[in-house]
Each structure stands twice: as C-alpha cells, then as structure tokens.
Amino acid sequence: MDLPPVLRSEKGAIETIRKGVRKRNRSQIFLQTLGIGAISFAFLMLAILLLSLTSTGYKAFVQTYLTLDVYVDPAEVSEEQLPRGGFDDVIEAALLQYFPEAGEDRATRRALGGLPSNGAQFILRDKVAADPSRIGETIRISVPVSDPYDQLNKGLIDRETPEQRRRVDNREVAWFDTLKEEGLIRTKLNWGLITRPDSRFPELAGLKGALIGSFWALLVCFVISFPLGIGAAIYLEEFAPKNRVSDLIEVNINNLAAVPSVVFGLLALAVFLGWFGMPRSAPLVGGMTLSLMTMPTIIIATRAALKAVPPSIREAALGVGASKHQVVFGHVLPLAFPGILTGTIIGLAQALGETAPLLLIGMNAFITSAPATPLDASTALPTQIFIWADSPERGFVSRTSAAILVLLSFLIVMNGLAIFLRNKFERKW
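None of these values were measured; they are calculated from a predicted model. (Residues numbered from 1 in each chain as written. Predicted model: local features only at pLDDT ≥ 70, side-chain atom pairs only at ≥ 80, totals over all residues. Heavy atoms only, no water.)

Participant: Mind laying out unusual backbone geometry, listing which residues take part and the relevant values?
Facilitator: Of note in the backbone geometry, serine 281 takes a positive phi value of approximately 70 degrees without being a glycine. Summarising the element assignment, serine 281 is placed in the loop between α10 (261-275) and α11 (283-308). On the basis of relative accessibility, which here comes to 7%, the residue serine 281 falls in the buried class. (Helix = DSSP H or I, 4+ residues; strand = E, 2+ residues; numbered from the N terminus. Buried < 20%, exposed > 50% of the residue type's maximum accessible area, 1.4 Å probe, protein only.)

This is how it looks when you write it as structure tokens:
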C-alpha cells in the first residue's frame, strides 16, 4: 500500500536524520579510537625508553669492591714524603701475597697491579694521611676494582668469548675468581655515583660536580628570571597601555619562547664570554644563559595567571577605593601566584635539561672537582651525560644511562612540585 506524500516525506527525513546520526557516531568512535591509540603509543614509547635506560643503567648503581689487608711498609711510605709515597707498590705487594708467582715477571706484576682501580692508592693515602702513626701497620681497605674486572663481575664481559677478544685474559680471570673464592670481592651500592666528581676511570666517575654545577646554574637562573619575568608580566598585563608598541613586545616575547636553545647559547658566547669576558665553563654564565631562555616562559605563564583572575576582584577592590597598585599587588597577584609558581617551576625544569647552550659556553670541560662557587669551572647534568656518552670506555655506557635516570628523577620531582603547588593554592571561582 502506497503511503501518502506527506508520510513519505516524513519517513525520508527521519531516515536521513538516522543516517546522519550513524555517520556522526562512526566519526566519534573513530576519533576516540585515534586518541586512545595515540595515548597508548606514547605510553608504549615511554615504557620502552624507561625500560631501556633501567636495564642498562641499574648496573651503574652497584660497584665491585676488593678488600685487602695492606702492610704500609715504611720503606715505601714515609711521613716526610707522605703525599707522594709509593702507595701503589704497597697495594701491589698486598696482592702478591695471594699470587706470589706473579712477582717473577715485571709485566705480570703490572697486570696484577691493574686489578684494583687506579684510585685505590689515593684511598690508602688518605687513610694514612689522616693518621700517620699507622705507617708500619697493616690496614684493611676496601677499594673499587678497575673497570674490566667490574664488567666481568657484572656479566658484561662474556667468559665464553675467545681470549684474544676479551679485555681480561684467562690468567686475569683466574686471579679474579681466586680473590672471589677468598671472599675478598663484594658488590656494594655505588654511592660514589652521587658523591664523587668526574674521572677518566669509569669505576671512579661520579655526578657530584655536575649536580652542584646544575644547582648553581639553576639558582642563578631563578634569581635573574623570576623577579624580572614576573615584573615584566605585571607591567605588560596590568599597567602598559594597549598600543602597537606593547603588541610588538608581546609578539617578540612569544617568538622568544619558541627560539631554539642553541641560539641563546650563541648569544651568550658572543656577549657574556666575548664582550664581557666572563669566566668560561662557570655556572654563573650558564645560569645567565638559561635565564634568557626561561624568562619568556615565566612571562607568558604569569600573564596567563593574571588573566585568569576574575575581573570582579579588580572591580570590587577599585570600588572600595583601592589604587591600581593596591589592586594588583594586594588582590590580583596573590590569587595568581599558584599559576605563576607552576609556570616558573616548569620553566626551570626545562632549563635543567638543556644541553646545547651549556656546550657552547664550555660547560662540557673535564672537571675533577666540584665547584665551590658559581664562578668555578663546572659541568651540569646534561653536559655530563654528553661527556660520558662520548667516552669510549665500556663502563661509561651504564653510567650514561644512570645519569639520565637521575636527570629524569629531578625533572619528575620538579613537575610533581608544580602540580602540588597548583592544586594546593588554586582557587575555584
């Protein structure tokens, strides 16, 4: 039975609407699936990155140590020449007690003396220098083994590899196994990764200098960029007249936030080092360079926080007779401060991970002592990672990954602090 024309047109309209609804639902499901897939892919890549770093870097958080009873022979070590005593010969003599056959050949003795780290003699020297009366006594010391033996103990050197392709030959492996059977080889937590400065020897290399250098650089960056960034943002948002000049300044600030960091490094190289003659590799220069990068971020975040304060706050304060300055500093700024702190911390976290500008001002030099002041030569965490990644020794592979994990930990803490401050002081309107 044929439907009347009116009903046929209504049925066609309903069918058209249903098709449109189905099409929108399919599009919505497609977009949702695409978003979930993108987030899942991002989390997968992050998990792969963290898994790769952890599987490589966890070995750097432990270190192989050798325990020896060392006789401080007065014929080798005298109180008059204590800093330059023959501590390496004393340690070598202690090892010969376990392998007397190695003393028959000079090359063999040298190979045996390479079992403990090169820093073992300095550890013994410091103990004797602290109490010179121990000269002529037997001292028990625990020292790191050299990198090849540390790699052997951690399983990074395969014993099944042909001898000519191994860093330690069969004789040296036998020495190590003998000492391990005697209970003289132990694996300990490697606190030296944090408490020691950099070294040419992987088993002695640490992040102390880089951590202190990054601290000084961030402190200088904060002292410069925080007040200047907030002051500039307050003026531009609350006091500056809205004209072409202020619009031009705003556009330039937004552009500066997107400038590659290497450009700021070139600017610092030309101005701070070239024109002003400031010290190279100093955290002071590094902090000033990072402040140039951080200031646009702080200005943008502060202006956004000031805009988020409802206009009714300003109107109410002005209505009861407050001046413009009283309105801004007594009412608007305290309410915007959580957002300002969040933007500042995020900007400092970004500065902590920057490498290119610090490389250009020389903060990738080999420094074996931690800086005492911002004017002392130093490295930073990102540049220390760059130095270790470029080192040919196998032991620096795990230390590079460990340093990246330390840097990521600091970044996570700083971003977590920003979220905490935002949630704690944020006001709901």
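Still more ground to cover, so stick around.
Participant: With reference to specific residues and values, describe the nonpolar core.
Facilitator: By size, the foremost hydrophobic cluster in this structure holds 44 residues, and its most contacted members are Leu207, Phe272, Val285, Leu290, Ile361 and Trp388. If you list the elements that add at least two residues to this core, you get α8 (208-239), α10, α11, α13 (324-352), α15 (381-389) and α16 (395-425). For this core, the element with the most residues is α16, which contributes 9 residues. Sequence-distant contacts of isoleucine 361, defined by excluding residues within four places in its chain, comprise Gly265, Ala268, Leu269, Leu273, Arg280, Ser281, Val285, Gly286 and Thr289. (Core = buried A, V, L, I, M, F, W, Y, C linked by side-chain atoms within 4.5 Å. Contact = heavy atoms within 4.5 Å.)

Participant: Summarise empty space enclosed by the protein; cite the residues concerned and give the values.
Facilitator: For the structure on display, the rule yields 1 cavity of 30 Å³ or more. Looking at the largest cavity, its volume works out to about 40 Å³. Looking at the largest cavity, the residues that line it are Ser214, Ala217, Leu218, Leu290, Ala351, Leu352, Leu358, Ala380 and Pro382. Per-element accounting of the lining of the largest cavity gives the leading share, 3 residues, to α8. (1 Å grid on protein atoms, 1.4 Å probe; cavity = no way out; pocket = protein on both sides within 12 Å on 5 of 7 lines; lining within 4 Å. Points joined across faces, edges and corners; volume = space filled by probe spheres on them.)

Participant: Which residues make up the sheet that holds strand β3 (residues 185-189), and what values do they have?
Facilitator: The strand order β2-β1-β3 describes an open sheet built from 3 strands, whose pairing is antiparallel. Edge strands, defined here as strands with exactly one partner in the open sheet, are β2 (138-144) and β3. Each strand axis lies, on average, 35 degrees off the axis of its neighbour in the sheet, ignoring direction. Where strand β1 (residues 62-71) and β2 come together, 7 bridges link them in antiparallel fashion. Bridging across to β2, threonine 67 finds its partner in serine 142. (Pairing = 2+ DSSP bridges. Axes fitted to C-alpha atoms, helices over the stretch in contact; angles between N-to-C directions.)

Participant: Outline a nonpolar patch on the surface, supporting the account with residue identities and numerical values.
Facilitator: Taken together, the side chains of Ile39, Phe43, Leu46, Leu49 and Leu50 define a hydrophobic patch exposed on the protein surface, amounting to about 480 Å² of accessible area. Checked against the element boundaries, phenylalanine 43 lands in helix α1 (residues 5-57). We classify phenylalanine 43 as exposed; its relative accessible area is 57%. (Patch = residues over 30% accessible without salt bridge, like charges linked within 9 Å, V, L, I, M, F, W, Y side chains within 5 Å. Areas by Shrake-Rupley, 256 points an atom, 1.4 Å probe, with all protein chains shown as cover. Salt bridge = Lys/Arg side-chain N within 4 Å of Asp/Glu carboxyl O.)

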